[in-house]
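Reading the structure
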Amino acid sequence: MKRKILASVSAAALILATGSALAQDNTSNVNQTGSNGTVSVSQSGSNATSLINQGGSSNTATVSQSGDLANSTVTQDNGTGSSDDNNTATVTQNGNAQST
């Protein structure tokens, strides 16, 4: 009887531990103004979210995400709405169901 109860408790503990490992949430929010700014975000695990807003010119944003269900949004503008702000963004994602 003790052996069966111990096995049940061990199985329940394993299920709870696995659920915690699968429920990873990474969040990054960066707001930056001015010129020549640099942002670098690196995330691993499931459900990673990165939001970068850069205002100004000659800014650089780099995002690297690995794992499932990653999402990245990079907005760069010097306020004029023009495309000659000399801003660059690079997003690299590895895994399933990625979006930028």
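On a predicted model such as this, the values are computed, not experimentally measured, just so you know.

Rules behind the numbers
Residues numbered from 1 in each chain as written. Predicted model: local features only at pLDDT ≥ 70, side-chain atom pairs only at ≥ 80, totals over all residues. Heavy atoms only, no water. Helix = DSSP H or I, 4+ residues; strand = E, 2+ residues; numbered from the N terminus. Buried < 20%, exposed > 50% of the residue type's maximum accessible area, 1.4 Å probe, protein only. Contact = heavy atoms within 4.5 Å. Pairing = 2+ DSSP bridges. Axes fitted to C-alpha atoms, helices over the stretch in contact; angles between N-to-C directions. Core = buried A, V, L, I, M, F, W, Y, C linked by side-chain atoms within 4.5 Å.

**What to know about the environment of threonine 33**
Inspection of the secondary structure assignment puts threonine 33 in strand S1 (residues 26-33). According to the relative accessible area criterion, threonine 33 is exposed, its value standing at 75%. As a C-alpha pair, threonine 33 and aspartate 77 span 44 residues in sequence and 9.6 Å in three-dimensional space.

**Section: the environment of serine 66**
Along the polypeptide, serine 66 turns up in strand S4 (residues 60-66). It is 8.3 Å that separates the C-alpha atoms of serine 66 and threonine 92, two residues lying 26 residues apart in sequence. Filtering out sequence-adjacent residues up to four positions away, serine 66 remains in contact with Gln43, Ser44, Gly45 and Asn94.

**Regarding the sheet that holds S4**
The three strands are arranged S2-S4-S6 in an open sheet whose pairing can be described as parallel. Strands at the two margins of the open sheet, each flanked by one partner only, are strand S2 (38-44) and strand S6 (88-94). For this sheet, the mean inter-axis angle between neighbouring strands, taken without regard to orientation, is 5°. By the bridge criterion, seven bridges tie S2 to S4 in an arrangement that is parallel. Paired with serine 40 across the two strands is threonine 62, which belongs to S4.

**Quick notes on the sheet that holds strand S5 (residues 71-77)**
In space, the three strands of this open sheet follow the order S1-S3-S5, with parallel pairing throughout. The sheet is open, and its two edges are formed by S1 and S5, each paired on a single side. Sheet twist, expressed as the average angle between the axes of neighbouring strands with direction ignored, equals 0°. Here S1 runs beside strand S3 (residues 48-55); their pairing, made up of eight bridges, is parallel. Residue threonine 27 lies in a different strand from S3, and its bridge partner there is threonine 49.

**Structural notes on the nonpolar core**
Of all hydrophobic cores here, the largest spans five residues; its members are Val39, Val41, Ile52, Ala61 and Val63. For this core, the secondary structure elements donating two or more residues are S2 and S4.

**Considerations on the side chain of glutamine 93**
Considering the arrangement of structural elements, one finds glutamine 93 in strand S6. Glutamine 93 has contacts with Gln65, Ala70, Asn71, Ser72, Gln98, Ser99 and Thr100, leaving out every residue within four places of it along the chain.

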